[in-house]
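Each chain, written out:
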Amino acid sequence: MKEKLLKKIEAKEVKVGVVGLGYVGLPLAVEKAKAGFKTIGFDVQKSKVQQVNKGENYIGDVVDKDLFDLVKKGMLKATTDFSFVADVDFIAICVPTPLDIHQQPDISYVKSSVKEIAKYLKPETIVVLESTTYPGTTEELIMPILEQDSCLKCGKDFYLGFSPERVDPGNIIYKTKNTPKVVGGVGKDATEVIAAMYRAVLEGEVYEVSSPAIAEMEKILENTYRNINIGLINELTMLCHEMNISMWEVIDAAKTKPYGFQAFYPGPGLGGHCIPLDPYYLSWKAREYGFHTSMIESSMMINDKMPKYCVERASKLLNQQRKALKASKILVVGVSYKQDIDDYRESPALRVIEELKKEEADVSYFDPWVPEYKYHGNKYYSIKEITPSVLERYDLIMITAAHSNVDYAMIQENGKMILDTKNVMKNITKRENIETL
């Protein structure tokens with residue numbers, strides 16, 4: 001089976017399936033098709049499938065023309081019918097792995113996808129999970145379902161592995177194509193074949209590890225490392241404020257050291273599809289072994305309370321104007337989780353707005369990248385523009401995303417008071433009405 005699949009990969013005869021056409025799946029499907037592999041994308045959302053089949057792009061990291069041309073040439077199409085699995089040789093699972101209301105891993109999307117795949121799985125198929133999850137998912141959850149429901153044997157009839165997604169929306173340097181890839185298969189043959197498939201598509205290095213669990217833990221390490229270091233910076237930021245020291249200046253000074261220090265920055269909290277969630281997967285799994293990840297849990301607690309801390313700082317600024325937070329008009333600028341993208345998944349700005357509303361503040365938001373968003377079942381809309389006359393209506397402006405297409409000098413000139421949680425106004429010299437986190 002190994003040699004046969006390797007020859008099919010080399011000849012570009014492998015048909016590819018990608019389950020989940022979101023921020024991870026669609027860019028991957030596009031790259032597979034661009035590399036010469038006929039690709040079928042699957043998604044439960046009919047709107048996404050329809051858009052793909054029309055060649056209409058909805059993901060920032062995908063080039064519009066690439067998608068349109070691939071669909072027109074017949075190299076890429078999408079479906080809502082899981083029976084497509086019977087027609088492909090390689091399946092990448094790229095479905096969401098969120099947390100439930102109890103902050104525990106919700107792997108229901110992975111489980112339901114695998115059960116559907118198993119119904120149509122044929123011999124000599126490669127199955128790879130890319131969704132971030134806890135160590136052990138591939139071998140403890142996915143493999144038994146596939147074997148039992150398909151009556152096929154892993155390693156003998158099909159190959160299975162884990163290759164963690166590495167997607168950084170808005171990154172102008174590293175995309176799916178050139179970001180190094182980690183691969184861990186169930187057995188050496190599976191690892192070799194899966195790695196060969198990715199090498200046939202990607203420009204970045206493909207690094208092989210000895211098992212899916214290693215690859216799963218590696219992904220958790222990447223983002224837990226960032227979570228912990230950001231937690232450290234956020235805690236020191238709160239201390240520095242009490243000491244009347246600028247943490248931003250402290251970081252600028254520290255990063256002049258050419259070794260032993262990597263700069264992380266404070267903010268209103270953590271956002272995105274990985275960093276706020278991945279440590280919970282590890283701490284949840286650790287409890288199975290009677291192990292408490294105290295350092296990780298401490299950093300999560302610090303980062304989780306940053307939205308409320310920002311609201312407390314806002315309240316103190318309003319007190320200086322002899323105003324209460326209740327009924328004060330507040331404009332939040334930027335609700336995406338990072339600058340210059342339209343992705344607001346787990347954005348701390350949404351928590352900031354929620355906390356302000358709890359205090360009965362009159363809150364509006366402006367984001368040129370996110371004209372509307374959904375949160376807890378409700379839909380919210382950005383004000384159309386910010387002008388001097390608009391800014392004069394607000395008692396406080398809170399900057400919660402550092403978008404480059406916002407006129408911060410105009411905000412400074414016309415805003416009564418500004419809380420800049422991203423230090424995006426650092427180069428503005430007139431600072432009487434600016435306070436940083």
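Parameters at a glance
Along every chain, residues carry numbers that run from 1 in the direction the sequence is written. Where local features are concerned, this predicted model is filtered to residues with pLDDT of at least 70; where side-chain atom pairs are given and counted, the filter is 80 or more; whole-chain, interface and lining totals use all residues. In computing side-chain properties, one takes all heavy atoms of the structure into account and sets aside hydrogens as well as water. What counts as a helix is a DSSP run of H or I of at least four residues, what counts as a strand is a run of E of at least two, and both are numbered from the N terminus. Partly exposed describes any residue whose relative accessible area lies between the buried limit of under 20% and the exposed limit of over 50%, with all areas from a 1.4 Å probe on protein chains only and scaled to the type maximum. We call two residues in contact when some of their heavy atoms are within 4.5 Å. Think of it this way: a Phe, Tyr or Trp ring, Trp meaning its six-membered ring, pairs with another when their centres are within 6.5 Å, and the plane angle makes it stacked under 30 degrees, edge-to-face over 60, tilted otherwise. Look at NZ for Lys and CZ for Arg. If either is within 6 Å of the ring centre and within 35 degrees of the ring normal, a charge sits over the ring.

## Points about unusual backbone geometry
And step 1. Phi at lysine 12 is positive, roughly 60 degrees, even though this residue is not glycine.
And step 2. For lysine 12, the position within the fold is in the loop between helix H1 (2-10) and strand E1 (16-19).
And step 3. Overall, the relative accessible area of 37% leaves lysine 12 in the partly exposed class.

## Considerations on the environment of proline 135
And step 1. Note on placement: proline 135 falls in the loop between strand E5 (125-129) and helix H6 (137-150).
And step 2. Residue proline 135 is classed as buried on the basis of its relative accessible area of 12%.
And step 3. Considering only alpha carbons, one finds proline 135 and glutamine 320, 185 residues apart in sequence, at a separation of 50 Å.
And step 4. Beyond its immediate chain neighbours, meaning those up to four positions away, proline 135 contacts Ala213, Glu216, Met217, Ile220, Leu282 and Lys285.

## Considerations on the packing of aromatic side chains
And step 1. Taken as a whole, this structure holds 10 aromatic pairs when the rule is applied.
And step 2. A connected cluster of aromatic rings, assembled from ring pairs, spans Tyr344, Tyr365, Tyr373 and Tyr380.
And step 3. Taking the ring centre of tyrosine 198 as reference, the NZ or CZ of lysine 32 above it sits at 4.2 Å.
And step 4. Between lysine 181 and the ring centre of tyrosine 198, over which it is positioned, the NZ or CZ distance is 4.8 Å.

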